[in-house]
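Understanding the architecture of this molecule
Next come the chains, spelled out residue by residue.
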Amino acid sequence: MPREIMIVCHGQAYNTVQPDGRREVRDASNPPLTPLGEAQAARAVKVVRAFDPQHVIISPFLRVAQTALAYLKPAAAEGRFDVRLSEFFIFDALESFNGVDARYYAELLGSALPVLNELTRRNIFPAMPESEEALKNRVAELSQEWLRKPDWDRLVFYGHGATVLGLIENLTPELTGRVPEPAHCSITQLVQTPSGAWAPSLLADVVHLAGLSENVTTSTGVAPR
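Residues numbered from 1 in each chain as written. Predicted model: local features only at pLDDT ≥ 70, side-chain atom pairs only at ≥ 80, totals over all residues. Heavy atoms only, no water.

The full count for this structure, using the stated rule, is 11 salt bridges. Of the charged contacts, one joins Arg26 and Glu107 as a salt bridge, the two residues approaching to 3.7 Å between their closest N and O atoms. One end of the pair, Arg26, is in the loop between strand 1 (4-9) and helix 1 (35-51); the other, Glu107, is in helix 3 (residues 102-109), with 81 residues separating them in the sequence. Its salt-bridge partner being Arg84, residue Asp82 comes within 2.9 Å of it at the nearest N-O pair. Residue Arg84 is classed as buried on the basis of its relative accessible area of 14%. What emerges from the salt-bridge pattern is a single network uniting Asp82, Arg84, Glu141 and Glu145. (Salt bridge = Lys/Arg side-chain N within 4 Å of Asp/Glu carboxyl O. Helix = DSSP H or I, 4+ residues; strand = E, 2+ residues; numbered from the N terminus. Buried < 20%, exposed > 50% of the residue type's maximum accessible area, 1.4 Å probe, protein only.)

Once that is clear, we can look at unusual backbone geometry. Following Met128, the chain continues into Pro129 via a peptide bond in cis, with omega recorded as -15 degrees. Summarising the element assignment, Pro129 is placed in the loop between helix 3 and helix 4 (132-148). Backbone geometry at Ala76 places phi at a positive 55 degrees, although glycine is not the residue there. In this structure, Ala204 takes a positive phi of about 50 degrees despite not being glycine. If you trace the backbone, Ala204 turns up in strand 6 (residues 198-205).

Under the defined criterion, the tally for this structure stands at seven aromatic pairs. On the basis of an interplanar angle of 65 degrees and a centroid distance of 5.9 Å, the ring pair of Phe89 and Phe97 is categorised as edge-to-face. By relative accessible area, Phe89 is classed as buried at 0%. Relative to Phe125, the ring of Phe89 has its centre 6.4 Å away and its plane inclined at 40 degrees; by these criteria the two rings are tilted. With Phe89 in the loop between strand 3 (80-81) and helix 3 and Phe125 in the loop between helix 3 and helix 4, this residue pair connects regions lying 36 residues apart in the sequence. Joined through ring pairs, the aromatic side chains of Phe61, Phe89, Phe97 and Phe125 make up one cluster. The residue whose ring lies beneath Lys149 is Trp146, and the NZ or CZ to ring-centre distance is 4.9 Å. (Phe/Tyr/Trp six-rings, centres within 6.5 Å; stacked < 30°, edge-to-face > 60°. Lys NZ or Arg CZ within 6 Å of the ring centre and 35° of its normal.)

So, about the nonpolar core. Across soluble globular proteins, you tend to see nonpolar side chains buried next to one another. Counting residues in hydrophobic clusters, the biggest one holds 38 residues, and the most contacted among them are Ile58, Leu72, Phe81 and Tyr158. No other element matches helix 2 (residues 62-75), which puts seven residues into this core. With residues up to four places along the chain from it excluded, the contact list for Phe81 reads Ile58, Ser59, Pro60, Ala65, Tyr105, Leu109, Leu113, Pro114, Val115 and Leu119. One finds Ile7, Trp152, Phe157 and Leu167 within the second-largest nonpolar core, a separate group that totals 21 residues. (Core = buried A, V, L, I, M, F, W, Y, C linked by side-chain atoms within 4.5 Å. Contact = heavy atoms within 4.5 Å.)

The values are spatial; any link to function lies outside them.
Encoded structure:
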């Protein structure tokens, strides 16, 4: 059986949509999903469930954790955070980011996504401003580390627009510059060929989001991040 990797972008969140009072935004540098983002995450569950991953690797940012939790909680599965999937540290809102709030995460996420104490420290996250090369390097390090592990056939990464794109281009370098901008809750699925190369069976796919009011960009026209 060939190895397969699924890469999921988070749902719409209050980093690209103005807070509207429908969800609490405690930290503007690490906001939650919008109601639409929650609906998008719920739509992605069916695709991830059918994929049946053995490991689920997740950005520590709240919007990504909530997107992953939509799958993890009903599946009684566990995920793990990896700081290398974090947001691209170039956005002004991240100037005030000081790590995650472990107590708040425990309230929202429960036991499916335990928060390591190190994630509460700002210094383990990328420095501002982060270069594109630095982002590509951390994503490449993450993907290559998992490729060396022998204990999986199906793996899921949940990330942001930039880290999703970085993973796809690291694993399929021939597609660099030709991958569609990952939309909110878009899904990419890569299959390892007999030669060891990776080929997409889904590429930034949004078919599972049909009927929702947004399936390409956010309501502000800003690509997911």
